[in-house]
Amino acid sequence: MLQIHLKKDREVPVLRGHPWIFSGAIERADGDQDNAGVADVYDHGKNWIARGLYSPKSQIRVRVLTWEKETIDQNFFLRRFTRALSLREKYLARSTNAYRLINAEGDFVPGLIVDRYGDFFVCQFFTAGMDLFKEDVVSALSALALTKGIFERSEGRVRDEEGLKPAAGVLAGDAPPDLITVEENRLKFLVDVRRGQKTGFFLDQRDNRGFLSTMARDQTVLNSFSYSGAFSVYAFGGGAREVVSFDSSLPALELAEKNLALNGFAESPGELLKGDAFAYLKEADRKFDLIVLDPPSLAHKRSDVSAATGGYKFLNLHALKHVNPGGLLLTFSCSQHLSIDLFQKVVFGAAVDATRKVSIVKRLGQPADHPISLHHPEGEYLKGLALRVLD
Ligand code: SAH
């Protein structure tokens, strides 16, 4: 097994539970350094401290899986999955059959995301090391005996950085149908796990959709960056008078139309509009009582942050201008690199420039199935503010 020897004092964060070991913390590696695999980590004094997965091409050279001398195999994954499942069963099983079972570092399985959509799991393998354990992961998921099939949607820039090609397809059991119907808080949604964005649905916004529905009665709503219309369905569920869903993706809007119909809102007042939300928010010639602003991540890496703040400011400025006095703006950033503090500052700047007075009604974040390891604060990515626009 590959042995990673850390520079002096670089073991401290690892011993405190942080799972990432950057190339700069490594003094020496003994063994095959060209290929991904399991690695044992030693401090400067040659004491064993942790075991993880080695990625030869990533700046994050090792992601720690365990601080115990346990074998990384199917049983290891089954123990992790069982522990993660008990959290979801406690808090979520009665309200939804769609949830994130494994949230990477947040569930102490860096490199892996597993979403459950009813009878199907959808997996994302993000690191070269985790990619090697696909069979063990699939066997452990099958052993949970919860689903009929396991599907893979391993894509995105993290895989590029690891030197991995995108991979998608059936990993075990039945192939999922073209659209899976899930039920979340008594509302129904169609999930396209093959062609949809990410694994097909934005599970991380569940609680925030629930909050929106409590504020929606008799309101006119703009759901910008609507994807498959989940916020729109919740808005009607909460009694909204009218909902406009706006997205740049035609397949997303087609799914939104189906989701509205599935919940009995096909004839409800509103529109589905396709276009660039930046332009729409700037130019729309009407106002709304409630606006949802949930753009895709504008900062994919740390160096993007300053450019991204410009984008977030633009969106929030124009959204604020289009909220009726006394109305609400639910504004989000899903960029891990933009801190909550910075996000709030950007929104403050937008409020000043929009010449609106604004108060925070509620801070919004990730739901229980997207836990954040206290030892890995980088796992906190979704942040939101529910803002009352006073005048
Ligand atoms: N709020 C959604 C998730 C939004 S994901 C939910 O709860 O399900 C971000 C969405 O922004 C995607 O659907 C993507 O198609 C859309 N998008 C990306 N760039 C856009 C743009 N410039 N204008 C409008 N929509 C855009």
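Reading the values: the criteria
Residues numbered from 1 in each chain as written. Predicted model: local features only at pLDDT ≥ 70, side-chain atom pairs only at ≥ 80, totals over all residues. Heavy atoms only, no water. Helix = DSSP H or I, 4+ residues; strand = E, 2+ residues; numbered from the N terminus. Rg over C-alpha atoms; globule rule 2.2 N^0.38 Å. Contact = heavy atoms within 4.5 Å. Areas by Shrake-Rupley, 256 points an atom, 1.4 Å probe, with all protein chains shown as cover. Lys, Arg positive; Asp, Glu negative; His and termini not counted. Charge placed at Lys NZ, Arg CZ, Asp CG, Glu CD. Pairing = 2+ DSSP bridges. Axes fitted to C-alpha atoms, helices over the stretch in contact; angles between N-to-C directions. Buried < 20%, exposed > 50% of the residue type's maximum accessible area, 1.4 Å probe, protein only. Salt bridge = Lys/Arg side-chain N within 4 Å of Asp/Glu carboxyl O. Parallel < 35°, antiparallel > 145°, perpendicular 65-115°, else oblique. Left-handed = near helix turned anticlockwise from the far one by under 90°. Nonpolar A, V, L, I, M, F, W, Y, C, P; charged D, E, K, R; others polar.

Engineer: In this structure, what is going on with the overall build of the protein chain? I would like to understand it.
Structural biologist: A count of helices and strands for the protein chain gives 11 helices and 20 strands. Relative to a compact globule of 391 residues, whose C-alpha radius of gyration would be 21 Å, the protein chain shows 22 Å and is just as compact. Its C-alpha atoms put the protein chain at 65 × 45 × 35 Å along the principal axes. For the protein chain, the share of sequence-separated contacts (at least 6 apart) that also reach a separation of at least 24 residues comes to 63%. Of the accessible surface of the protein chain, which amounts to about 16900 Å², a share of 50% is contributed by carbon and sulfur atoms. Positive and negative side-chain charges of the protein chain, numbering 50 and 50 respectively, have mean locations separated by a distance of 4 Å.

Engineer: What am I meant to see in the sheet that holds strand S6 (residues 60–66) here?
Structural biologist: By way of backbone hydrogen bonds, the strands of a sheet pair with one another, either parallel or antiparallel. Taken in spatial order, the six strands make up an open sheet running S2-S6-S5-S4-S1-S3, and their pairing is mixed. At either end of the open sheet lies a strand with only one pairing partner, and these are strand S2 (20–22) and strand S3 (26–30). Averaged over all adjacent pairs, the angle separating strand axes in this sheet is 35 degrees, with direction ignored. For S2 and S6, the ladder comprises three bridges, and the chain directions are antiparallel. Within the sheet, the bridge partner assigned to Phe22 lies in S6 and is Ile60.

Engineer: Honestly, the pairing of strand S5 (residues 48–54) in this entry has me stumped. Any pointers?
Structural biologist: The two faces of the sheet receive side chains in turn, since in a regular strand these alternate between them. Of all seven residues in S5, seven are buried, a share of seventy percent or more. The loop that links strand S4 (residues 37–42) with its antiparallel partner S5 comprises five residues; one of these, Lys46, has a positive phi angle of about 70 degrees. Here S5 runs beside S6; their pairing, made up of four bridges, is antiparallel. Within S6, the position partnered with Gly52 by the bridge is Val64.

Engineer: I'm lost on the side chain of Asn259 in this one. Help?
Structural biologist: Topologically, Asn259 is positioned in helix H8 (residues 250–262). The buried category is assigned to Asn259, whose relative accessible area is 0%.

Engineer: What exactly am I supposed to notice about the sheet that holds strand S17 (residues 288–293) here?
Structural biologist: As summarised here, the arrangement of the seven strands in space is S16-S15-S14-S17-S18-S20-S19, forming an open sheet in which the pairing is mixed. Each edge of the open sheet is held by one strand with a lone partner, namely strand S16 (270–274) and strand S19 (358–364). Strand-to-strand twist of the sheet, defined as the mean angle between neighbouring strand axes without regard to direction, takes the value 15 degrees. Alignment of strand S18 (residues 323–333) against strand S20 (residues 383–389), held across seven bridges, turns out to be antiparallel. Bridge pairing links Leu328 to Arg388 in S20. Against the sheet, H8 engages strand S15 (242–247) and S16, with an angle of about 165 degrees to S16.

Engineer: Help me understand the environment of Pro177, please; the structure alone is not making it clear to me.
Structural biologist: As for its position among the elements, Pro177 is in the loop between strand S11 (167–173) and strand S12 (180–184). Using a relative accessible area of 38% as the deciding quantity, one classes Pro177 as partly exposed. In this structure, the C-alpha to C-alpha distance between Pro177 and Lys282, residues 105 residues apart in sequence, is 39 Å. Those residues in contact with Pro177 that lie beyond four places of it in its chain are Phe120 and Arg194.

Engineer: Sorry, what's going on with the pattern of salt bridges here?
Structural biologist: When the charged atoms of two side chains lie near each other, side chains of opposite charge can form a pair. Following the criterion strictly, the structure yields 22 salt bridges and no others. The salt bridge involving Asp40 is made with Arg51; its shortest N-O contact spans 2.6 Å. On the criterion of sequence distance, the pair formed by Asp40 in strand S4 and Arg51 in strand S5 is long-range, its members being 11 residues apart. On the basis of relative accessible area, Arg51 is assigned to the buried category, the value being 10%. The partner of Asp131 in a salt bridge is Lys134, with the nearest N and O atoms 3.5 Å apart. Under the relative-accessibility criterion, Lys134 is labelled buried at 18%. Three or more residues joined by partner-sharing salt bridges are found here, namely Asp131, Lys134, Glu152 and Arg159.

Engineer: Just to check I follow, could you spell out the packing of helix H10 (residues 305–321) against helix H11 (residues 340–353) for this structure?
Structural biologist: Angle between the axes and distance between the axes: these two values describe a pair of packed helices. The contact between H10 and H11 brings their axes to 8 Å, and the two run at 45 degrees. Comparing their axes, H11 and H10 come out oblique. When the axes of H10 and H11 are compared, the crossing they make is right-handed. Contact with H10, carried on its side by Val305, Thr309, Tyr312, Lys313, Asn316, Leu317 and Leu320, involves Leu342, Phe343, Val346, Val347, Gly349, Ala350, Ala351 and Asp353 of H11 and no other residues of that element. Residue composition of the contact of H10 with H11, by class: 10 nonpolar, three polar and two charged.

Engineer: Looking at this model, I keep getting lost on the pairing of strand S7 (residues 98–103). Mind explaining?
Structural biologist: Where burial is concerned, most of S7 is hidden: six out of the six residues are buried. Alignment of S7 against strand S8 (residues 112–117), held across five bridges, turns out to be antiparallel. Residue pairing for S8: Ala98 is matched across the bridge by Tyr117.

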